[in-house]
Amino acid sequence: MIPWTRIQHRQLAIDAVGAIKHYAVELGLSYHNFDHVVSMYQYLADTNEPYDEALDWAVLFHDIVYDKDDGKEKRSAAMFDFNARIPKYEIDPIIIAPATRMIMATAYHIVVEHGVSAIVRADLHALANPVTTIQNFLKIMDESCALYKITPSNFAKNSESFMDALYERVLGNITSDPSHAVFYQKVLGGIRTTTTLSKIVQQGGSE
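Residues numbered from 1 in each chain as written. Predicted model: local features only at pLDDT ≥ 70, side-chain atom pairs only at ≥ 80, totals over all residues. Heavy atoms only, no water.

Asker: Explanation requested: a nonpolar patch on the surface in the structure shown.
Answerer: The grouping of Tyr108, Ile110 and Val112 at the surface amounts to a nonpolar patch, some 330 Å² of accessible area in total. Looking at the secondary structure, you find Tyr108 in the loop between α5 (96–105) and α6 (117–124). (Patch = residues over 30% accessible without salt bridge, like charges linked within 9 Å, V, L, I, M, F, W, Y side chains within 5 Å. Areas by Shrake-Rupley, 256 points an atom, 1.4 Å probe, with all protein chains shown as cover. Salt bridge = Lys/Arg side-chain N within 4 Å of Asp/Glu carboxyl O. Helix = DSSP H or I, 4+ residues; strand = E, 2+ residues; numbered from the N terminus.)

Asker: I would appreciate a short explanation of the nonpolar core in the present structure.
Answerer: Inside soluble globular proteins, nonpolar side chains tend to come together where they are buried. Counting residues in hydrophobic clusters, the biggest one holds 50 residues, and the most contacted among them are Leu44, Trp57, Leu60, Phe61, Phe80 and Ile119. Of all the secondary-structure elements, those providing two or more residues to this core are α1 (11–27), α2 (34–46), α3 (53–61), α4 (72–84), α5, α6, α8 (152–176) and α9 (181–205). Tallying contributions element by element places α3 first for this core, with 7 residues. Every residue in contact with Ile119, bar those within four places of it in the chain, is listed here: Met40, Leu55, Ala58, Val59, His62, Met102, Ile103, Ala105 and Thr106. Counting 6 residues, the second-largest nonpolar core is a separate cluster that includes Phe137, Met141, Ala156 and Val201. (Core = buried A, V, L, I, M, F, W, Y, C linked by side-chain atoms within 4.5 Å. Buried < 20%, exposed > 50% of the residue type's maximum accessible area, 1.4 Å probe, protein only. Contact = heavy atoms within 4.5 Å.)

Asker: I keep staring at the packing of aromatic side chains and nothing clicks. Help me out?
Answerer: Remark: the centre distance and the inter-plane angle together describe each pair of aromatic rings, the angle taken between the planes. One pass over the structure, following the stated rule, counts 8 aromatic pairs. Between Trp4 and Tyr41 the ring centres are 6.2 Å apart and the planes differ by 20°, which places this aromatic pair in the stacked class. With Trp4 in the segment before α1 and Tyr41 in helix α2, the pair connects residues that are 37 residues apart, well separated along the chain. Overall, the relative accessible area of 15% leaves Trp4 in the buried class. On the basis of an interplanar angle of 35° and a centroid distance of 6.1 Å, the ring pair of Trp57 and Phe80 is categorised as tilted. Here Trp57, found in helix α3, pairs with Phe80, found in helix α4; they are 23 residues apart in sequence, far enough to count as distant. Through successive ring pairs, a cluster of aromatic residues spans Trp4, Tyr41 and Tyr51. The aromatic ring of Tyr66 is capped on one face by Lys72, whose charged end is 5.1 Å from the ring centroid. (Phe/Tyr/Trp six-rings, centres within 6.5 Å; stacked < 30°, edge-to-face > 60°. Lys NZ or Arg CZ within 6 Å of the ring centre and 35° of its normal.)

Asker: For this particular structure, what's the right way to read α8?
Answerer: Every α-helical turn comprises 3.6 residues, leaving residues that sit three or four positions apart pointing alike. If you check α8, its first and last C-alpha atoms are 35 Å apart, about what 25 residues at 1.5 Å a residue would give, namely 36 Å. Buried within α8 we find Phe155, Ala156, Ser159, Glu160, Met163, Leu166, Arg169, Val170, Asn173 and Ile174. (Expected span 1.5 Å × (residues − 1).)

Asker: Looking at this model, I keep getting lost on α1. Mind explaining?
Answerer: Look at α1: 24 Å from first C-alpha to last across 17 residues, which is about the 24 Å you get at 1.5 Å a residue. Those residues of α1 not exposed but buried are Leu12, Ala13, Ala16, Val17, Ile20 and Ala24. On an axial view of α1, the arc spanned by its buried residues comes to 135°, and they lie on one face. For α1, the exposed residues set more than 90 degrees away from the buried face come down to Val25 and Glu26. Structurally, α1 contributes buried residues whose contacts are with α2, α3 and α4. (Arc of directions from axis to C-beta.)

Here it is in structure tokens:
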């Protein structure tokens, strides 16, 4: 039983889960797969996040498009918007706009409005734990090397740059989302750990 979610028996959710699992196998996605979605739901359950159907759909769809091309979040949001308007899926139109906004918030993880805080935190929560930070670094390295056809050293260089930028954005969330400041401080620790791991991989690749 997947925690928190209430849409798992809806036809659109069934179809979305099937697509996520299919592309995870086809593209070799060792991190951006259905396990990641479930972990986000688990975080929402563990933190007693009030139920929100728009958030439920946003979590499910936020990485439904994950390939080697740019604009993954924008295309994922468009995928939800398109499918949610198909009559057979019986999705309340009122949730489409907030759900797409939440999906787009996972592109940069900046909390500019209260309504996106939960999905940003759910997407980042693994970085708040040292063990999952290390485990996921390895998963994302394997995934990225396969998806983008790059070496571990190149991945680590890109990861370091990405994490440097993410660090600044998460730092800003402490001010914009102060009720979760302790959480963001833990995420900053995970980002620092990830940067250290990236430096180690790059040093190994330069021998």
